[in-house]
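# Architecture at a glance
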Protein chains: 2
Amino acid sequence: MTATFDDVYFMKKALLEAEAAYEKGEVPVGAVIVVDNRTIAKGHNLTETLTDVTAHAEMQAITAASGFLGGKYLKGCTLYVTLEPCQMCAGALYWSQISRVVFAAPDLHRGYRAMGASLHPKTEVVRGIMEEEAATLLKLFFKAKRS
Amino acid sequence: MTATFDDVYFMKKALLEAEAAYEKGEVPVGAVIVVDNRTIAKGHNLTETLTDVTAHAEMQAITAASGFLGGKYLKGCTLYVTLEPCQMCAGALYWSQISRVVFAAPDLHRGYRAMGASLHPKTEVVRGIMEEEAATLLKLFFKAKRS
């Protein structure tokens, strides 16, 4: 068996981050940033833990990746995130000029597309990778919250 | 003479933050967050210093205000910022449900309005307070950069 560094491989890493958020009672969203098949940053939603609306998974991953690379532009990088970015995260990704964004589950209400926000025109977007797994985790979370 | 805690008074504080950014070679944008006439947070653009696209003045002020208040919602708060927020900062302000946003200079290209992003429907927006001063500082910065 050979390891295949494809979008599913890295989205599984983002899902592990989402599970870490779930275990902390946070809305389960996780993200990793990859360059040349190396994971250089990861993050999961910590808005409740940090009492900070800016502490989305993607924002932490962007900050960590920039720190790792020593530069604020993420050209050549791919962000894997388990939920469609919101307009805040899309705005940060816009400024970073990241090359690719891969997201699992759509966010039909607060996702950047529904809100009218924009990624950078040079950013390639791929969606639906492991969508069912990511959406199931989110549904489990909100079901547990309601009960 | 009585001190008047009006929008001009607090925008002057945001302008002091913008000047601090200017002196560091950063695009000169500053922000403060005020509740009940008390300044509870301030920030200025540090994207170059921190090599981090998320380090806008507003983002830092939002994080600081949430830390001060011990909660992630900024209801009852006003953000004063010297330049119209971008879609990232508008997205963060959206999540914070901040009560008022007052900005000085418009950003016709990368401002949240031009980019199609949204503030929270409950957020009141006031614009143009000390617009000329804020715009002049930005023009000075970009003129110095070019020469």
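As the structure is a prediction and not an experimental result, all values here were calculated from the model. (Residues numbered from 1 in each chain as written. Chains lettered and ligands numbered in written order. Predicted model: local features only at pLDDT ≥ 70, side-chain atom pairs only at ≥ 80, totals over all residues. Heavy atoms only, no water.)

With that settled, consider the relation of the copies chain A and chain B. At an RMSD of 0.0 Å, chain A and chain B line up after a rotation of 180° and a shift of 0.0 Å along the axis. Taken together, the rotation and translation describe the operation of a two-fold axis. Every residue of chain A has its C-alpha some distance from the rotation axis, and the shortest such distance is that of Met-88 of chain A, at 1.9 Å. When the interface residues of chain A are mapped onto chain B, 100% of them are again interface residues, pointing to one common binding face. (Least-squares fit on C-alpha atoms with pLDDT ≥ 70 in both. Contact = heavy atoms within 4.5 Å.)

The UniProt entry lists His-56, Cys-86 and Cys-89 of chain A under the feature "binding site: Zn(2+)" (unreviewed entry), expressed in the numbering used here. These annotated residues cover 34 residues of sequence, and their C-alpha atoms all fall within 9.2 Å of one another, placing them together at a single site. Within the secondary structure, Cys-86 of chain A sits in the loop between strand S3 (77–83) and helix H3 (87–96). For Cys-86 of chain A, the contacting residues outside a window of four places in its chain are His-56, Glu-58, Arg-110, Gly-111 and Tyr-112 of chain A together with Trp-95 of chain B. By the secondary structure assignment, Cys-89 of chain A is in helix H3. Those residues within four positions of Cys-89 of chain A in sequence are excluded, and the remaining contacts are His-56, Glu-58 and Met-59 of chain A. (UniProt positions renumbered as here; feature names shortened; annotations may be inferred. Helix = DSSP H or I, 4+ residues; strand = E, 2+ residues; numbered from the N terminus.)

Moving on to helix H1 (residues 7–23) of chain A. Residue and element names in this part refer to chain A. The end-to-end C-alpha distance of H1 is 24 Å, a good match for the 24 Å that 17 residues give at a rise of 1.5 Å each. Listed as buried for H1 are Asp-7, Phe-10, Met-11, Ala-14, Leu-15, Glu-17, Ala-18 and Ala-21. Across the axial projection of H1, the buried residues extend over an arc of 160°, all falling on one side. Exposed residues on H1 whose side chains face more than 90 degrees from its buried face are Leu-16 and Glu-23. Summarising the contacts, the buried residues of H1 are in contact with strand S1 (30–35), strand S2 (38–44), S3, strand S4 (100–105), strand S5 (124–127) and helix H5 (131–146). At the exit of H1 stands Gly-25, carrying a positive phi of roughly 80°. (Expected span 1.5 Å × (residues − 1). Buried < 20%, exposed > 50% of the residue type's maximum accessible area, 1.4 Å probe, protein only. Arc of directions from axis to C-beta.)

By way of backbone hydrogen bonds, the strands of a sheet pair with one another, either parallel or antiparallel. All names here are of chain B. Across the sheet, which stays open at both edges, the 5 strands sit in the order S2-S1-S3-S4-S5 with mixed pairing between neighbours. In this open sheet, the two edge strands, each paired with only one partner strand, are strand S2 (38–44) and strand S5 (124–127). Adjacent strand axes in the sheet meet at a mean angle of 15°, parallel and antiparallel pairs treated alike. In this structure, strand S1 (residues 30–35) lies alongside strand S3 (residues 78–83), joined through 4 bridges in antiparallel fashion. The partner of Val-34 across the bridge, within S3, is Thr-78. Helix H1 (residues 7–23) rests against S1, S2, S3, strand S4 (100–105) and S5 of the sheet, and its axis sits at about 145° to S1. In this fold helix H5 (residues 131–146) packs onto S3 and S4, with an angle of close to 60° to the strand it touches most, S4. (Pairing = 2+ DSSP bridges. Axes fitted to C-alpha atoms, helices over the stretch in contact; angles between N-to-C directions.)

Right, let's get into the nonpolar core. Counting residues in each nonpolar core, the largest one holds 90 residues, and the members touching the most others are Ile-33 and Leu-79 of chain A together with Ile-33 and Leu-79 of chain B. Among residues more than four places away in sequence, those in contact with Ile-33 of chain B are Arg-38, Thr-39, Ile-40, Ala-41, Ala-61, Ile-62, Ala-65, Leu-74, Cys-77, Thr-78 and Leu-79 of chain B. (Core = buried A, V, L, I, M, F, W, Y, C linked by side-chain atoms within 4.5 Å.)

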